[in-house]
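Observations on the model geometry
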Amino acid sequence: QVRLVESGGGFVRAGDSLRLSCVVSLRTFRRDALGWFRQAPGKEREFVAALSWSGGTTYYADSMKSRFTMARDNARNTVYLQMNNLKPEDTAVYYCAAKRNYPSDYDSPAKYEYWGQGTQVTVSS
């Protein structure tokens, strides 16, 4: 069973930065995908970024790729989401998720098998 635990959320002002972390309890396949998603109140869960433990292309949502960076630390089984120049519209619960077979369906939350509990990010104007 794969378990994911996010941390690093908080309350910040517009223009600030945050780094989210996601520790994955079990890493089984090198082609596994790790993704970050977010969900704001009243909205659907949306894709933020995804990568594979084995490297290759990191994918980002177009609206976030200039400000957000996803990285991995294979030795620590941890992925990160560095978020810079945060805006009030970035306010959401941020989730880490895992699936098999990257990069297939990397941006589809329905294809991810394992999810963390989420971490709240609130950005004030």
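Residues numbered from 1 in each chain as written. Predicted model: local features only at pLDDT ≥ 70, side-chain atom pairs only at ≥ 80, totals over all residues. Heavy atoms only, no water.

Turning our eyes to something else, we now look at the packing of aromatic side chains. Overall, the coordinates contain eight aromatic pairs when judged by the stated rule. A ring pair is formed by Phe37 and Trp115, whose centres lie 5.2 Å apart and whose planes are at 50°; its orientation type is tilted. Of this pair, Phe37 sits in strand β4 (residues 33–39) while Trp115 sits in strand β10 (residues 114–115), and the two are 78 residues apart along the sequence. Connected via pairs of aromatic rings, a cluster forms that spans Phe37, Phe47, Tyr59, Tyr95, Tyr102, Tyr106, Tyr112 and Trp115. Sitting above the plane of the Trp115 ring, Arg45 keeps its charged end 4.7 Å from the centroid. Between the NZ or CZ atom of Lys99 and the centre of the ring of Tyr112, over which it lies, the distance is 6.0 Å. (Phe/Tyr/Trp six-rings, centres within 6.5 Å; stacked < 30°, edge-to-face > 60°. Helix = DSSP H or I, 4+ residues; strand = E, 2+ residues; numbered from the N terminus. Lys NZ or Arg CZ within 6 Å of the ring centre and 35° of its normal.)

Core analysis: the biggest nonpolar cluster contains 36 residues, and Leu4, Leu34, Trp36, Val79, Leu81, Met83 and Tyr94 have the highest contact counts within it. Listed by contribution, the elements that provide at least two residues to this core are β3 (18–24), β4, β5 (46–52), β7 (68–73), β8 (78–83), β9 (92–99) and β11 (119–124). (Core = buried A, V, L, I, M, F, W, Y, C linked by side-chain atoms within 4.5 Å. Buried < 20%, exposed > 50% of the residue type's maximum accessible area, 1.4 Å probe, protein only.)

Of the two faces of strand β1 (residues 4–7), the one holding Leu4 and Glu6 is buried and the one holding Val5 and Ser7 is not buried anywhere. With four bridges joining them, β1 and β3 adopt antiparallel strand pairing. Paired with Glu6 across the bridge in β3 is Cys22. (Pairing = 2+ DSSP bridges.)

On to the pattern of salt bridges. Inspection of every chain in the model, using the stated rule, returns six salt bridges. One salt bridge in this structure joins Asp73 and Arg76, with 3.2 Å as the shortest N-O distance. According to the relative accessible area criterion, Arg76 is exposed, its value standing at 60%. Several salt bridges share partner residues, and in doing so they unite Arg38, Glu46, Arg67 and Asp90 into one network. (Salt bridge = Lys/Arg side-chain N within 4 Å of Asp/Glu carboxyl O.)

Disulfide: a covalent bond connecting the sulfur atoms of a pair of cysteines. Enumeration according to the criterion identifies one disulfide in this entry. Here Cys22 is linked by a disulfide to Cys96, with a sulfur-sulfur distance of 2.2 Å. Across the disulfide from Cys22 to Cys96, rotation about the S-S bond amounts to roughly -80°, and the bridge is consequently left-handed. One end of the pair, Cys22, is in strand β3; the other, Cys96, is in strand β9, and 74 residues separate them in sequence. We note that Cys22, like Cys96, is buried. (Disulfide = S-S within 2.5 Å.)

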